[in-house]
Amino acid sequence: MKSPTKVIAIAAAFATVASLAACSTGGSADGKIELRVATFPPGADQAAYDAFATQEAQFEKKYPNIDIIGVEYEWEGPTFTAQLAAGSLPDVFTVPFTDAKTLLENGQLADVTEEIKALGYEDKFNPIILDAVKDSKGHLFGFPRQAYALGLQYNRQLFEQAGLDPDSPPTTWDQVREYAKQISEKTGKAGYATMTQNNTGGWQLTAQAASRGGFLQSDDGTTSTIANDGVKATLQYFHDLRWDDNSMGDNFLLDWGSINQEFAAGNIGMYTSGSDLYTALVRDFSLDPAVYGLTTIPMEDGGKVLGGGDIAVLPPSLDADTKAAAVKWVDWYYMQKLLNKDAAVADAKALSDSGQAVGTPVLPVLDQATYEESLTWIEPYVNVPRDQMQGFIDGIFEQTPVGEPKSHTQEIYALLDPIVQAVLTDRNADIDALLAQADKDAQALIGG
Amino acid sequence: MTVLDERRAVEQRLRPRQTGPRRRDRSIRGWVRRGGLVTLLFALPMILVFTVYSWWPILQSIWMSFQKTNLITYQFVGLDNFVNVLSDPLLGRAVVNTLYFALLALVFGFPLPILMAVLMSEVKRMKGLYSALAYLPVIVPPVVAVLLWKFFYSASPTGVFNTILGVLGIPPQPWIQDATQAMPSLVLEATWAAAGGSIIIYLAALLAVPPELYDAAEVDGASIWRKIWHVTLPQLRGVIFVMLILQVIATAQVFLEPYLFTGGGPNNATVTVLLLIYRYAFENSLGGKYGEATALSVMLALFLAAASFLYFKATEKWSTD
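Here is what the cut-offs are and how they apply
Residues numbered from 1 in each chain as written. Chains lettered and ligands numbered in written order. Predicted model: local features only at pLDDT ≥ 70, side-chain atom pairs only at ≥ 80, totals over all residues. Heavy atoms only, no water. Helix = DSSP H or I, 4+ residues; strand = E, 2+ residues; numbered from the N terminus. Buried < 20%, exposed > 50% of the residue type's maximum accessible area, 1.4 Å probe, protein only. Core = buried A, V, L, I, M, F, W, Y, C linked by side-chain atoms within 4.5 Å. Domains from an automatic or database assignment. Contact = heavy atoms within 4.5 Å. Buried area = accessible area lost by both parts, 1.4 Å probe. Salt bridge = Lys/Arg side-chain N within 4 Å of Asp/Glu carboxyl O. Polar contact = N/O pair within 3.5 Å; in protein donor to acceptor, adjacent residues only side chain to side chain. Axes fitted to C-alpha atoms, helices over the stretch in contact; angles between N-to-C directions. Parallel < 35°, antiparallel > 145°, perpendicular 65-115°, else oblique. Left-handed = near helix turned anticlockwise from the far one by under 90°. Nonpolar A, V, L, I, M, F, W, Y, C, P; charged D, E, K, R; others polar. pLDDT = per-residue confidence, 0-100. Arc of directions from axis to C-beta. Phe/Tyr/Trp six-rings, centres within 6.5 Å; stacked < 30°, edge-to-face > 60°.

Visitor: Explain the environment of Val167(B) here, please?
Guide: Residue and element names in this part refer to chain B. Mapping valine 167 onto the fold places it in helix α9 (residues 160-167). For valine 167, a relative accessible area of 69% corresponds to the exposed category. The sequence separation of valine 167 and leucine 203 amounts to 36 residues, and the corresponding C-alpha distance is 35 Å.

As structure tokens, then:
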């Protein structure tokens, strides 16, 4: 074995085996429990991380045996299952209400019933919201931490340029149409826009149909009722704004991220999205706070406002010590600021000191009284322009909230995306035929 | 040593072979002596890498196509996934869209690099500059290129392409915002992005064409087009056949363009087979349709393997003559 080729060959083989072996080695802390927790979506600004670092230091001071490691995280269906299977999810992360039921039924979330009981605030939750994390046996699989209602986002600057009063946002769908037309004519921008891609087209169609009293499924989620008057009216509305008024701009391939981007760039007058959107718009899309406006979605014919939210959860694979540490973090980081004055003030101060949004309108996950009281605690730190959101703040508690469709939510939304796109890109799209087909497909999903 | 001695010595060395093969030493030591171990050690890194990152996942995918799984629990379901895929109404649409993309790419995208390479080979000065310019789009990362083109394709009258059309007196086009125009728009970008690589390959192949053939054709009084038709193209056909099958395989798996430009829209006008596989696997991953995704992948792979085999069989003689 003296030939150089043999030496090189052995070295190469050894290097390969060694590098493969290195892939499987993991680190461990010196006597501390390492806890990997979700922080922000990729792209968040430095100030967000500064605020998080402050909170991390506060937590570690209180619990010296826990080492918090912030991990960039964004809820994405596509990568979730693979991350879960590969064990690369953070130990604490958040998922939307829509998906929580499916995840817990699949055994993809840790049971935290005992932990919530031990913390003693099970009774404080809004029971409708708590239902989203409960299985058929009454076990709980997460901490509802934030809820929102859909609202009408609008650009105050475009309102002004179009000669509209930004302090008097529209209150009926007819007014929205009228304002949209005016914005388009005066500014050349899209007066009104709606999401169409990656299941968000279905989501927003559902929300706007609900505001017209049209719901996609029977209450128990066993029958599809997609071809209803509310959905038809919403699609007809899109059609009229697009083809008769030409007030929806020229981009009809928008999802949550791209519509926010267009809005932040000043290209969209109005669109519907979550009431807590302001934080993300400013933090991740560099929106100028001065142009932001938020009001409630107009209600017609027994309409309801679609709500949503997210839940702090743990993967089922955690060992007992890590799980206990994770629960401490969830309680400290997400829950105490809703329940406890000192925690709420400390949280608001940390966020406000780093220029992060404090006071974005949300729906209470606990009872309304606790929520309203918590707002008075953090009042000195509120830095979002709540006067520009007055329409929403004043009107939301008069609206009746409704949850997203119960059965196969994302798949039903996916069925509706192409319909919204068809109406916006084909003047002659046959709404009735499209809905009849979607209804049939949805029923097959629900029944199958 | 005389010449005769030397010859005898050579014959002596050759004799064992001439008298028939010696019994092969089948022991491990024999194998090692013949250099088997060194060969294996040299190949080991690649074998390991391929096993871990290619062959093992391929085998797992095939196995997964017979299972219902959310990557945590697995259940054998026989051919259910294949049945589900074949009964999906969107499959037909995806196949038609993919064929449409492949056809457009074949009709417009395939001859273009050949033509450009032939023309460029005729250029006498600054050849390198033209090659570099032709290759430039290949250097742009594909995702960046698509996002740039998405911006160019803005349907607004002030969009880049619409402004250019406006100068020519053509009204603004909806491009990717319209079900009819979306696919040709995707092909246009894909052709732009891929042509450079093909041009370089054709240019290299053109260098191998013996100049005597052109001289002979010239003596016979052939025009430039006759030279291209009767000399260049026949000489290139081996390369053209390989490029053609590579393009067919690539277009059958088109994903990046529809995924980034349109997400399969408007109204499923650009859903391709690979995008459908992606949707199965990832769009509603909460329940996990990984079984259906792998089933369709296996079907696509089998189809492409069969098509490639038939293609090579059919053109074997033609391309190697």
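Visitor: I tried to follow the nonpolar core on my own but got confused; where do I start?
Guide: The nonpolar side chains of a soluble globular protein tend to be buried, and buried together. Of all hydrophobic cores here, the largest spans 118 residues; its most connected members are Tyr192(A), Leu235(A), Phe238(A), Met270(A) and Trp329(A). No other element matches helix α13 (residues 320-339) of chain A, which puts 9 residues into this core. In this structure, this core is formed jointly by two domains, domain 1 (33-146 + 308-381) and domain 2 (148-307 + 386-447) of chain A, each of which donates at least three residues. If near-sequence neighbours (up to four positions away) are discounted, Tyr192(A) is found in contact with Leu152(A), Trp173(A), Val176(A), Ala180(A), Gln208(A), Phe238(A), Leu241(A), Ser247(A), Met248(A), Met270(A), Tyr271(A) and Thr272(A). Core analysis: the second largest hydrophobic core is formed by 20 residues, Leu71(B), Val85(B), Ile277(B) and Ala281(B) among them.

Visitor: Honestly, the domain arrangement of chain A in this entry has me stumped. Any pointers?
Guide: The figure often quoted for interface size is the accessible area lost as the parts come together. Residues and elements named next belong to chain A. By domain assignment, chain A separates into domain 1 (33-146 + 308-381) and domain 2 (148-307 + 386-447). Opposite the 23 residues of domain 1 that make contact, domain 2 presents 19 residues. Contact between domain 1 and domain 2 buries roughly 1800 Å² in total, counting both sides, with carbon and sulfur atoms accounting for 58%. The three residues of domain 1 that bury the most area against domain 2 are Gly308, Pro361 and Leu363, which together make up 34% of that side's buried surface. For the pair domain 1 and domain 2, the interface holds 0 salt bridges. Applying the counting rule to domain 1 against domain 2 returns 5 residue pairs in polar contact (both at pLDDT 80 or more). Secondary structure elements with two or more residues in the side of domain 1 that touches domain 2: α4 (97-105), β8 (305-313) and α15 (368-377). Among the elements that line the side of domain 1 that touches domain 2, the one with the most residues is α15, at 4 residues.

Visitor: Got a minute to help me understand the packing of helix α10 (residues 182-207) of chain B against helix α12 (residues 224-252) of chain B in this structure?
Guide: When two helices pack together, their arrangement is given by the angle between the helix axes and by the axis-to-axis distance. Residues and elements named next belong to chain B. Across the interface, α10 lies against α12 with an axial gap of 10 Å and an inter-helix angle of 140°. One finds that α10 runs oblique with respect to α12. The element α10 and its partner α12 pack so that their crossing is right-handed. Judged by residue contacts, Ser198, Ile201, Tyr202, Ala205 and Leu206 of α10 engage Thr232, Leu236, Val239, Ile240 and Met243 from α12. Across the contact of α10 with α12, the residue classes tally to 8 nonpolar, 2 polar and no charged.

Visitor: In this structure, what is going on with the confidence of the model for chain A? I would like to understand it.
Guide: Low-pLDDT portions of the prediction should not be read for the details of their coordinates. Of the residues in chain A, 93% have a pLDDT of 70 or more, and the chain-wide mean is 88. For the stretch residues 20-27 of chain A, pLDDT sits under 50, and the model shows 3 contacts to residues farther than four places along the chain or on other chains.

Visitor: What's the story with the packing of helix α2 (residues 46-62) of chain A against α13(A) in this structure? I'm lost.
Guide: Residue and element names in this part refer to chain A. The N-to-C vectors of α2 and α13 enclose an angle of 125°; their axes lie 11 Å apart at closest approach. For the element pair α2 / α13, the angle class is oblique. α13 is crossed by α2, and the crossing has right-handed handedness. Each of Phe52, Gln55, Gln58, Phe59 and Lys62 in α2 lies in contact with α13, whose residues at this interface are Lys328, Trp329, Trp332 and Tyr333. Considering only residue class, the contact of α2 with α13 consists of 5 nonpolar, 2 polar and 2 charged.

Visitor: Mind showing me how you'd approach α9(B) here?
Guide: For an α-helix, the turn length of 3.6 residues means that residues three or four places apart are oriented alike. Residues and elements named next belong to chain B. Among the residues of α9, those classed as buried are Phe161, Asn162 and Leu165. In an axial view of α9, the angular spread of the buried residues amounts to 95°, which keeps them on one side of the axis. Where α9 is buried, its residues contact α8 (142-152). Residue glycine 169 follows α9 closely and has a positive phi angle near 80°.

Visitor: Sorry if this is basic, but what is going on with the pattern of salt bridges here?
Guide: Where charged atoms from two side chains of opposite charge approach closely, those side chains can pair. All names here are of chain A. Applying the stated criterion to the full structure yields 10 salt bridges over all chains. The partner of lysine 232 in a salt bridge is aspartate 432, with the nearest N and O atoms 3.8 Å apart. Of this pair, lysine 232 sits in helix α10 (residues 229-244) while aspartate 432 sits in helix α18 (residues 431-447), and the two are 200 residues apart along the sequence. Exposure remark for lysine 232: the relative accessible area of 29% places this residue in the partly exposed category. For the salt bridge of arginine 283 with aspartate 284, the shortest nitrogen-to-oxygen distance reads 3.0 Å. Because the salt bridges share partners, they merge into one network encompassing Arg177, Asp240 and Asp245.

Visitor: How do you make sense of the packing of aromatic side chains when you look at a structure like this?
Guide: Centre distance and the angle of the planes are the two values used to describe a pair of aromatic rings. In the structure shown here, the tally under the stated rule is 38 aromatic pairs over all chains. Note on Phe59(A) and Trp332(A): the rings are 5.5 Å apart at their centroids and 65° apart in plane angle, and the pair reads as edge-to-face. In this pair, Phe59(A) sits in helix α2 while Trp332(A) sits in helix α13, placing the two residues 273 residues apart along the sequence. Residue Phe59(A) is classed as buried on the basis of its relative accessible area of 0%. Look at Tyr333(A) and Tyr334(A): their rings are 4.8 Å apart centre to centre, the planes differ by 75°, and that puts the pair in the edge-to-face class. Tyr333(A) gets classed as buried once you look at its relative accessible area, which sits at 9%. In this structure Tyr334(A) comes out as buried when scored by relative accessible area, which is 5%. One aromatic cluster is present, built from ring pairs that chain together Trp149(B), Phe151(B), Phe152(B), Tyr153(B), Phe161(B), Trp175(B), Trp192(B) and Phe261(B).

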